[in-house]
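# Breakdown of the fold
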Amino acid sequence: MALVTFGVPVYNGAGQIEECLDCMVAQTLRDIEIVVSDNASTDSTGEIVMRYAARDPRIRYIRQPTNIGLMKNFAAVVHAAQSPYFILRCHDDLSSANYAEALYTALQANTRAKLAVPNVETLKRGRERAIARAVPHVGHASRLMNVNALLFGSHAAWFCGLWETAAFRPVFDRVWARYNSPWGPDHLTMYPFLIAEQVALVPEATFIQRITPKVGDAKYAIPDIALMQKLRATFMEMCAEFRREQGVAGTAETALAAMTWLYTGKRVYRVRKIWRHALIGR
């Protein structure tokens, strides 16, 4: 059994899967497994991955017989992992060569942490690296100030950090079964670890998120408002459950509940936009 599993869900990723695989097989931490779940691709994704697997036994290829949808394909790689540590890697993303090693070293140094996260760089639609997001500062005397820094300084790409599998998988299953939308479950899954300060910040590692045009890209389309209202409610309900389970109470609960209301607006959908769309339809 490998020390770290990279789980790679993919659908029709022939244009970028080779770079992704090259990045993972070149990691300085060699004790890894790469599990690719192909969601019934109709391009040459499968042939590419099998060619890599033929020359590197650390690569395991799984092909879904039919397209099971985005959420279930993500779950497939989470459940295929048998390693004590897990990294989710989308087929179009990259990282520094020391990524797995630096994150693993950080978790070994911080035994409370269940997730190690990197600096994040974003490549937008083929341009230069336009956005760089460093890990936030959490050296405050106040725990609430540190939690605030983690919540609002967190990045969706932190979900692709290094997880302790035993801690991650039950929370992942719980969130993804109940929330069941690709809009925000990454942030919701991280939430209990952020408020418990169980996150190791690793500026020595870099995650490279590539945002590329997709057919039918509707980034600026108005979403279904009823769905956004439902997702906001579910997001906040589950956050409240996580706080209760951690024994957060009193003034700390009041402060965290207020933070979470604002945090939900950033991670799901701002309530003022819901009101505006409901009142004027745009």
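Residue indices follow the written sequence of each chain, beginning from 1 at its first position. Owing to the predicted nature of the model, reporting of local features is limited to residues with pLDDT of at least 70; listing and counting of side-chain atom pairs is limited to 80 or more, with chain, interface and lining totals taken over all residues. Calculation of side-chain values draws on the structure's entire complement of heavy atoms; hydrogens and water are dropped beforehand.

## Structural notes on the overall build of the protein
Only runs of H or I of at least four residues qualify as helices and only runs of E of at least two qualify as strands under DSSP, and these elements are numbered from the N terminus. Secondary structure assignment for the protein yields 10 helices and 9 strands. For every residue, the accessible area obtained with a 1.4 Å probe (protein chains only) is divided by the maximum for its type, and the residue is called buried under 20%, exposed over 50%, and partly exposed between those limits. Looking at the 282 residues of the protein, the share that counts as buried comes to 53%. As displayed, the protein offers around 13200 Å² of accessible surface, 56% of which is attributable to carbon and sulfur atoms. All accessible areas in this document rest on Shrake-Rupley with a 1.4 Å probe, and a residue is counted as covered only by the protein chains that are shown.

## What to know about the environment of Val120
Structurally, the position occupied by Val120 is in strand E6 (residues 115-124). The spacing of Val120 and Pro203 is 83 residues in sequence and 9.1 Å in space, taken between C-alpha atoms.

## Section: the confidence of the model for the protein
Scored from 0 to 100, pLDDT reflects the predictor's confidence in each residue. When the pLDDT values of the protein are averaged, the result is 90; 89% of them are 70 or greater. Long-range and interchain partners of residues 215-220, a stretch whose pLDDT sits below 50, account for 3 contacts in this model, where long-range means more than four residues apart. Predicted confidence for residues 271-282 stays below pLDDT 50, and this span has 15 contacts to residues more than four positions away or in other chains. Should any heavy atoms of two residues lie within 4.5 Å, those residues are counted as being in contact.

## Concerning the packing of aromatic side chains
When two rings of Phe, Tyr or Trp (its six-membered ring) have centres within 6.5 Å they constitute a pair, described as stacked for plane angles under 30 degrees, edge-to-face for angles over 60, and tilted for the intermediate range. Enumeration over the complete set of coordinates arrives at 15 aromatic pairs. When the ring of Phe159 is compared with that of Phe168, the centres are 5.9 Å apart and the planes differ by 65°; the resulting orientation is edge-to-face. Here the two residues Phe159 and Phe168 agree in accessibility, since each one is buried. Measuring from centroid to centroid gives 6.0 Å for Phe159 and Trp176, while their planes differ by 10°, and the two rings are stacked. Of this pair, Phe159 sits in the loop between helix H5 (143-153) and strand E8 (162-164) while Trp176 sits in helix H6 (residues 165-178); the two residues are 17 residues apart in sequence, bridging distant segments of the chain. As far as burial versus exposure is concerned, Phe159 and Trp176 are alike and both buried. One aromatic cluster in this structure is built from Phe74, Phe86, Phe159, Trp163, Phe168, Phe172, Trp176 and Phe193.

## Overview of the side chain of Thr5
Here Thr5 shows up in strand E1 (residues 4-10). At 3.4 Å, the side chain of Thr5 forms a polar contact with the side chain of Glu33. Setting aside residues no more than four positions away along its own chain, Thr5 makes contact with Glu33, Val35, Ala81, Gln82, Ser83, Tyr85, Phe86 and Ile87. Two N or O atoms form a polar contact when they lie within 3.5 Å of each other; inside protein one atom must be a possible hydrogen donor and the other a possible acceptor, and for residues adjacent in sequence the pair counts only when both atoms belong to side chains.

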